[in-house]
Amino acid sequence: MKKLGLIALLFFSLSLLMFAGCERKIVNEDAGDDLAFTSCFTCHGDDGLLLAAKGEWQNSVHASGNNVDYTNRGGTDCTKCHDHQGFIDYLETSEVDPPYSNVSAIHCFTCHAPHTNGNLSLRTTAAYTLENGDTFDHGNGNLCANCHHSRYSVDNITDNIEVSTYWGPHHGPQGDLLTASNGYEFDGYTYTTSTHASVVRDACAGCHMGQPQAHDGYKIGGHSFNMYDSESGSDLSALCEECHASADSYDFTADADYDHDGNVEGYQTEILGLTDSLRTLLLSAGVLDSTDHPVSQTIANEETAGALFNFLLVHEDRSHGIHNFNYIKDLLQSSIEYLD
Ligand code: HEC
Ligand code: HEC
Ligand code: HEC
Ligand code: HEC
Ligand code: HEC
Ligand code: HEC
């Protein structure tokens, strides 16, 4: 439907061109307002405004559409984050209506509505309410939090909780950890937080879309959303140097031996060390399997389930501590202390 509309729009514009001198306005049916035909060239001009974004986006995981086919298999619950139309419907009506006949990856029109708005503003920058009721409110990063958040609220964890292999936050709980929310917090332990959510401009966007690297084959930064290119090994650590003078990589030297292995290593290596210790304890408690999935069962006490949840949260976040070093370190250390 959308595509047909756009093609009709293009034909209509072209026919207007042929009758040059006539009314140079076209009606945008979606918005009901006028989008001047001449304004097409503010974006579709010879200066190539959209080119870099397009080149980068093609190298993004969003563009890959790897998991878009889950959309119709898993019903409403997967569609709102994995499919273009699902997300649009969800934003507009808070509901989705699969199966969709045209599943498509996350692309330009998922995040922008240029032909409705006449500009490249984002479809939403509203604060996002996480599953546990906490608010994520960090500028353009709010768009990302709509999809990159835990699907499970920590408040649901109780004694005698039934867990399946798929129990947990789901992939992508970055919104929660960045803003120090939704971890299982043990009584008597004080949880601290790092400040990236507020000191980095637009949070997620300030890092992942920082420093578009057109000269580097569009592989990192900008609309690739990638922090790292595994082929060339290039990264965006120059961006960290603005605030951390010694950051020659993401894994720059820590100020303490957090994982107690006798060496002061990089911050990420320290977090991986703590994650390994927690993994070992969860394995021997019989709640985690060797593929990092929960073992289906009823877990008698809340705290053990909480420690398992914290492991999954940090593991699925995949920043190895960078999103919120203090909170992530505290979740791991308190879980380890409890199980030990
Ligand atoms: C709240 C948004 C949201 C919902 C709902 C959701 N996902 Fe995801 N999913 C994500 C995000 C974000 C990622 C990528 C996270 C990352 O790479 O860290 C992802 C990643 C995945 C991956 C890739 C994992 C990998 O290791 O590459 C699979 C598979 C997946 N989701 C399946 C599903 C299925 C099946 C459902 C429905 C039952 C579902 N998702 C519902 C947001 C969601
Ligand atoms: C996942 C969401 C997402 C997708 C997909 C996306 N964008 Fe963006 N786009 C953003 C965000 C967020 C910003 C603002 C970046 C910032 O704050 O640094 C932006 C900014 C831009 C800008 C700069 C706007 C300005 O006013 O300076 C352009 C141009 C742009 N996008 C074009 C595109 C094009 C072309 C595509 C498709 C190839 C695309 N975008 C796909 C999220 C997205
Ligand atoms: C505010 C920026 C902006 C304006 C103004 C704009 N477009 Fe676009 N247009 C985009 C973006 C972003 C895309 C997606 C990236 C691409 O395909 O280049 C796009 C894509 C298209 C496409 C390809 C559609 C598709 O499904 O891939 C057509 C056709 C098009 N625009 C026509 C127009 C016409 C006609 C006008 C003027 C009435 C117009 N555009 C005005 C930003 C704009
Ligand atoms: C419409 C939902 C949605 C929005 C909005 C969104 N993402 Fe994603 N993102 C996903 C899904 C789903 C995946 C996994 C796609 C797959 O594996 O098929 C993903 C993947 C990613 C990845 C790649 C992870 C990997 O496997 O390497 C990064 C990085 C990322 N997103 C960052 C962002 C940032 C930054 C923003 C905001 C500018 C954003 N995303 C906005 C849904 C979304
Ligand atoms: C302070 C900068 C910073 C901020 C802010 C930030 N990230 Fe990250 N993110 C990183 C770094 C660094 C990595 C780890 C890259 C590595 O070690 O390979 C990462 C990893 C990820 C990954 C795993 C895939 C990958 O590229 O390695 C996803 C997905 C992701 N971040 C999404 C987000 C989302 C969504 C937000 C906002 C809620 C966000 N990030 C905020 C810096 C940041
Ligand atoms: C705009 C400034 C800014 C940028 C950019 C930034 N950080 Fe930070 N970072 C901070 C601040 C402020 C803290 C909190 C320091 C504190 O509370 O002790 C922090 C904390 C950290 C910590 C925890 C250890 C510590 O020093 O407290 C790590 C690790 C870290 N940042 C890594 C990174 C990485 C990797 C990047 C680049 C992807 C990055 N940061 C980008 C400002 C920034």
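Basis of the calculations
Residues numbered from 1 in each chain as written. Chains lettered and ligands numbered in written order. Predicted model: local features only at pLDDT ≥ 70, side-chain atom pairs only at ≥ 80, totals over all residues. Heavy atoms only, no water. Helix = DSSP H or I, 4+ residues; strand = E, 2+ residues; numbered from the N terminus. Buried < 20%, exposed > 50% of the residue type's maximum accessible area, 1.4 Å probe, protein only. Contact = heavy atoms within 4.5 Å. Areas by Shrake-Rupley, 256 points an atom, 1.4 Å probe, with all protein chains shown as cover. Donors = N, O, S within 2.8 Å, 3.2 Å for Na, K, Ca; no water. Salt bridge = Lys/Arg side-chain N within 4 Å of Asp/Glu carboxyl O. Tetrahedral: all angles 85-135°; square planar, octahedral: opposite > 155°, others 65-115°. Near = heavy atom within 4 Å. Polar contact = N/O pair within 3.5 Å; in protein donor to acceptor, adjacent residues only side chain to side chain. Nonpolar A, V, L, I, M, F, W, Y, C, P; charged D, E, K, R; others polar. Domains from an automatic or database assignment.

A. Region of the structure containing the overall build of the protein. Scanning the protein from terminus to terminus reveals 17 helices and six strands. Counting only residues that meet the buried cut, the protein has 41% of its 340 residues in that class. In the protein, the share of contacts with a sequence separation of at least 24, taken over all contacts with a separation of at least 6, comes to 52%. Summed over its atoms, the accessible surface of the protein is roughly 18000 Å², and 53% of this surface lies on carbon and sulfur atoms.

B. Layout of the environment of Thr195. As for its position among the elements, Thr195 is in the loop between helix 11 (174-178) and helix 12 (196-199). Under the relative-accessibility criterion, Thr195 is labelled partly exposed at 46%. Taking the C-alpha atoms as reference points, Thr195 and Thr179, separated by 16 residues in sequence, lie 8.4 Å from one another.

C. Region of the structure containing the coordination of the iron atom of ligand 5. Donor atoms from the polypeptide that coordinate the iron atom of ligand 5 comprise His208 (NE2) and His323 (NE2), at 2.0 Å from the metal. The exposure class assigned to His323 is buried, which follows from its relative accessible area of 15%.

D. Broad picture of the pattern of salt bridges. Counted by the stated rule, this structure contains four salt bridges. Asp292 is the salt-bridge partner of Arg279, the closest N and O atoms lying 2.9 Å from each other. Of the two residues, Arg279 sits in helix 15 (residues 267-284) while Asp292 sits in the loop between helix 15 and strand 6 (297-299), which places them 13 residues apart along the sequence. Judged by relative accessible area, Asp292 falls into the buried class, the value being 15%. A salt bridge links Lys329 to Asp330; its shortest N-O distance comes to 3.3 Å.

E. Layout of the coordination of the iron atom of ligand 4. Within the protein, the iron atom of ligand 4 binds to His62 (NE2) and His148 (NE2); these donor distances fall in the range 2.0 to 2.1 Å. Around the iron atom of ligand 4, the six donor atoms are arranged such that angles at the metal cover 88 to 180°; this shape is classified as octahedral. With His62 in helix 4 (residues 61-64) and His148 in the loop between helix 10 (141-145) and strand 5 (161-163), this residue pair connects regions lying 86 residues apart in the sequence. By relative accessible area, His62 is classed as partly exposed at 26%. Judged by relative accessible area, His148 falls into the partly exposed class, the value being 34%.

F. Region of interest: the environment of Val295. Along the chain, Val295 turns up in the loop between helix 15 and strand 6. As a C-alpha pair, Val295 and Trp167 span 128 residues in sequence and 9.3 Å in three-dimensional space. Beyond its immediate chain neighbours, meaning those up to four positions away, Val295 contacts Val163, Gly286, Val287, Leu288 and Asp289.

G. Seen up close, the site of ligand 4. Inspection of the region around ligand 4 gives 17 residues, with His62, Asn67, Cys144, Cys147 and His148 positioned closest. Within the side chain of Arg318, an N or O atom sits 3.3 Å from an oxygen atom of ligand 4. The set of elements that each furnish at least two residues to the shell around ligand 4 consists of helix 4, helix 6 (76-82), helix 10 and helix 13 (204-208). In the shell around ligand 4, the residues fall into 10 nonpolar, six polar and one charged. Two domains each donate at least three residues to the shell around ligand 4, and these are domain 2 (65-123) and domain 3 (128-198 + 252-339).

H. The arrangement of the site of ligand 2 in detail. If you check the shell around ligand 2, you find 19 residues, and the closest are Cys108, Cys111, His112, Asn140 and His223. With respect to ligand 2, the side chain of Asn140 contributes an N or O atom lying 2.8 Å from an oxygen atom. His223 is positioned with one of its side-chain polar atoms (N or O) 2.8 Å from a nitrogen atom of ligand 2. Looking at the shell around ligand 2, the elements that each hand over two or more residues are helix 3 (51-58) and helix 8 (108-111). Within the shell around ligand 2, the residues separate by chemical class into 11 nonpolar, five polar and three charged.

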